[in-house]
Amino acid sequence: MMKMKLVKTLLLLLCVKLFCYAVIGAPQTCPANNEDKCGDSDEWKGEFFPDIPKIKYEGPSSKNVLSFKWYNAEEEILGKKMKDWLRFSVAFWHTFRGTGADPFGAPTKYWLWEDGTNSLNMAKRRMRANFEFISKLGVDFWCFHDRDIAPDGKTLEESNANLDEVVALAQELQTKAKKRVLWGTAQLFMHPRYMHGAATSSELKVYAYAAAQVKKAIEVTHYLGGENYVFWGGREGYQSLLNTDMERELNHLARFFEAAVAYKKKIGFNGTFLIEPKPQEPTKHQYDWDAATSANFLRKYGLTGEFKLNIECNHATLSGHSCHHELETARINGLLGNIDANTGDPQVGWDTDQFLVDIQEATLIMLSVIRNGGLAPGGFNFDAKLRRESTDVEDLFIAHIVGMDTLARGLRNAAKLIEDGSLAELVRKRYQSFDTEIGAQIEAGKADFELLEKKVKEWGEPKVASAKQELAEMILQSVL
Ligand code: XUL
Ligand code: CO
């Protein structure tokens, strides 16, 4: 009995320690070697990344780590510039708010410009760093959550005022740098008020708070000329069905989306609304589990015309699908709007948000994107972070460069596959029995069961052809 108590106390102490690490991990002062650069203002002397040049395309034989080997922004592939196929975007939350902290350990990254506070000046300084970063990287877009870019206040009014101040600076900086917002969103998962969900919370006042927060986030996205707005329902789900009225929660979610659509129209925001499916984490079950579930939800509530999907590759694999499957499901439903480009780790069961480096996967992704005619007004947002152990400022650039090069290589390969035509021919041949009079009747819904039974009696036992799967794989390999 005594022993049990001792173990429990030790466990409790360990939990408290882990919690403290997660919350206060970062140092609260300006780094000692950097006092004169931090000061009290958001200004910064000189460059944030003085050792990093503007990243240029140098071709596959280049040994320069700070160069593109495959991404050549202005080069045309299948009649469109690479930059227009890819429309790359940097995710502010990972690149500028990622600290390397995990549930077991303190932050590992100490960027020179960070003073460890969540002050308004710090928020503005970070914004300046963001635009130098994306300019040097040669990316046209950025994405943000309201609470990544500006500190949460004690009241909604204070939070909104903070946001306005940072957004005014962001507007000035992005105009100067000729950059654009790919999408904005509201962070409806971090604050404890959202522990039961936001639009699906059991608490009416939380639903209302979430509505007010999204209203403001849509306004600032609109103000910044955002081309899309994302809804990721991180806590829109449940931990137990025993205490959950799922039907009521889903109805509330639909009402929330309807109100968002009405508000968007009222203020003249023409960006696309995107739902980002994910099966779980942080909830045990997230309502927009995958592309098919989300499509069904949109159809049930008559919202299909108002929304598209933002497919995230790591979310796809968590839901038991490949990224390619999710993209194709979205595409054939007319819902493919944007891609959160990242990948998981096959040995790890959670959302590791790593940069995508698998060339075969990138080729399949780009095949879907080409078939979709591109993603615009969506694009590829790097919802990806450095691993905890990568701690050099240079790593931020290297990670994005390899992510961009991987997708650029995927684009080149997918174009080769399409130009070669043998994969399409394999698929065409596989279904050629339907390219007949009866096939056309079936596809037009004009072949009833009696007619088909009559035909079977006439034809006898069907001869079934090979699926040629290994040949399809061989063709894919030939372009990698
Ligand atoms: C979480 C995730 C989010 C959304 C935006 O897994 O992907 O960052 O992209 O809220
Ligand atoms: Co995402």
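Residues numbered from 1 in each chain as written. Chains lettered and ligands numbered in written order. Predicted model: local features only at pLDDT ≥ 70, side-chain atom pairs only at ≥ 80, totals over all residues. Heavy atoms only, no water.

The chain carries the name Xylose isomerase in an unreviewed UniProt entry, which gives Glycine max as its organism. Reading the Sequence similarities (unreviewed entry) entry of the UniProt record for the chain gives the comment "Belongs to the xylose isomerase family." Per UniProt, the comment on the chain under Catalytic activity (unreviewed entry) is "alpha-D-xylose = alpha-D-xylulofuranose". (UniProt positions renumbered as here; feature names shortened; annotations may be inferred.)

**Quick word on the pattern of salt bridges**
With the rule as written, the count across this model stands at 25 salt bridges. In this structure, E165 engages K124 in a salt bridge whose closest nitrogen and oxygen atoms are separated by 3.0 Å. Taken as a pair, E165 in helix α7 (residues 156-177) and K124 in helix α5 (residues 120-137) lie far apart in primary sequence, 41 residues in all. Note that R428 and E425 form a salt bridge whose closest N and O atoms lie 2.9 Å from each other. Taken as a pair, R428 and E425 lie in helix α15 (residues 422-430) at a separation of three residues, close to a single helical turn. (Salt bridge = Lys/Arg side-chain N within 4 Å of Asp/Glu carboxyl O. Helix = DSSP H or I, 4+ residues; strand = E, 2+ residues; numbered from the N terminus.)

**Considering the pairing of strand β12 (residues 307-312)**
Of all six residues that make up β12, five are buried, and the element is covered over most of its length. Here strand β10 (residues 272-275) pairs with β12 via three bridges, running parallel. Following the sheet pairing, F273 is matched in β12 by F307. Relative to strand β13 (residues 336-340), β12 runs parallel, the two being bridged by four bridges. Following the sheet pairing, N310 is matched in β13 by N338. (Buried < 20%, exposed > 50% of the residue type's maximum accessible area, 1.4 Å probe, protein only. Pairing = 2+ DSSP bridges.)

**Some remarks on the layout of surface pockets**
Reported here for the second largest pocket is a volume of approximately 760 Å³. Every residue lining the second largest pocket is counted, 24 residues in all, and those nearest its centre are R430, Q432, S433, F434 and K463. In the lining of the second largest pocket, the residues fall into 12 nonpolar, six polar and six charged. (1 Å grid on protein atoms, 1.4 Å probe; cavity = no way out; pocket = protein on both sides within 12 Å on 5 of 7 lines; lining within 4 Å. Points joined across faces, edges and corners; volume = space filled by probe spheres on them. Nonpolar A, V, L, I, M, F, W, Y, C, P; charged D, E, K, R; others polar.)

**What about the side chain of R126?**
For R126, the location among the structural elements is in helix α5. A polar atom in the side chain of R126 sits 3.3 Å from the backbone oxygen of T117. Apart from the residues lying within four places of it in its own chain, the contact partners of R126 are F92, F96, R97, W113, E114, T117 and N118. (Polar contact = N/O pair within 3.5 Å; in protein donor to acceptor, adjacent residues only side chain to side chain. Contact = heavy atoms within 4.5 Å.)

**Let's talk about empty space enclosed by the protein**
What the rule picks out here adds up to five cavities of 30 Å³ or more. Around the largest cavity sit 18 residues that line it, and L188, F231, W232, G233 and E236 are the ones nearest its centre. The class makeup of the residues in the lining of the largest cavity is 12 nonpolar, three polar and three charged. There is about 50 Å³ of room inside the second largest cavity. Lining the second largest cavity we find L253, F257, I275, Y287, D288, T293 and F297. Only α9 (246-267) and α10 (291-300) provide two or more residues apiece to the lining of the second largest cavity. Within the lining of the second largest cavity, the residues separate by chemical class into five nonpolar, one polar and one charged.

**Focus on the sheet that holds strand β8 (residues 228-231)**
Spatial ordering of the closed barrel is given by β5-β6-β7-β8-β10-β12-β13-β14, a layout of eight strands whose pairing is parallel. On average, each strand axis in the sheet is tilted by 30 degrees relative to the strand beside it, whichever way the strands run. (Axes fitted to C-alpha atoms, helices over the stretch in contact; angles between N-to-C directions.)

**Remarks on the coordination of the cobalt ion (ligand 2)**
Think of it this way: four donors in a tetrahedron around the metal ideally sit 109.5 degrees apart, and six in an octahedron ideally sit 90 or 180 degrees apart. Within the protein, the cobalt ion (ligand 2) binds to E276 (OE), E312 (OE), D340 (OD) and D383 (OD); these donor distances fall in the range 1.9 to 2.2 Å. Seen from the cobalt ion (ligand 2), its six donor atoms lie at angles of 79 to 174 degrees, and the figure they make is octahedral. Sequence spacing of the donors to the cobalt ion (ligand 2): E-x35-E-x27-D-x42-D. A residue pair is termed long-range when its members are at least 10 positions apart, and E276 in the loop between β10 and β11 (285-286) and E312 in strand β12 qualify at 36 residues. Overall, the relative accessible area of 2% leaves E312 in the buried class. (Donors = N, O, S within 2.8 Å, 3.2 Å for Na, K, Ca; no water. Tetrahedral: all angles 85-135°; square planar, octahedral: opposite > 155°, others 65-115°.)

**Quick look at the site of ligand 1**
Taken together, the neighbourhood of ligand 1 is formed by W93, H145, W183, W232, E276, K278, E312, H315, D340, D351 and D383. One of the side-chain nitrogen or oxygen atoms of K278 is found 3.0 Å away from an oxygen atom of ligand 1. For ligand 1, the protein covers 93% of the area, taking 290 Å² as the surface of the free molecule. Of the residues that constitute the shell around ligand 1, the class distribution is three nonpolar, two polar and six charged. (Near = heavy atom within 4 Å. Areas by Shrake-Rupley, 256 points an atom, 1.4 Å probe, with all protein chains shown as cover.)

**Observations regarding the pairing of strand β5 (residues 88-91)**
Here β5 shows no split at all, with F88 and V90 on one side and S89 and A91 on the other all buried. Relative to strand β14 (residues 380-382), β5 runs parallel, the two sharing three bridges. Residue pairing across strands places S89 opposite N381, the latter belonging to β14.

**Comments concerning the nonpolar core**
Ranked by size, the top nonpolar core spans 111 residues in total, and within it W142, F380 and L407 carry the most contacts. Residue contributions to this core peak at 11 residues, all from helix α14 (residues 393-420). (Core = buried A, V, L, I, M, F, W, Y, C linked by side-chain atoms within 4.5 Å.)

**Quick notes on the environment of K429**
Position of K429 relative to the elements: it lies in helix α15. With 17 residues separating them in the primary sequence, K429 and R412 have C-alpha atoms 25 Å apart.

**Observations concerning the side chain of H315**
By the secondary structure assignment, H315 is in helix α11 (residues 313-318). If near-sequence neighbours (up to four positions away) are discounted, H315 is found in contact with W232, E276, P277, K278, P279 and D351.

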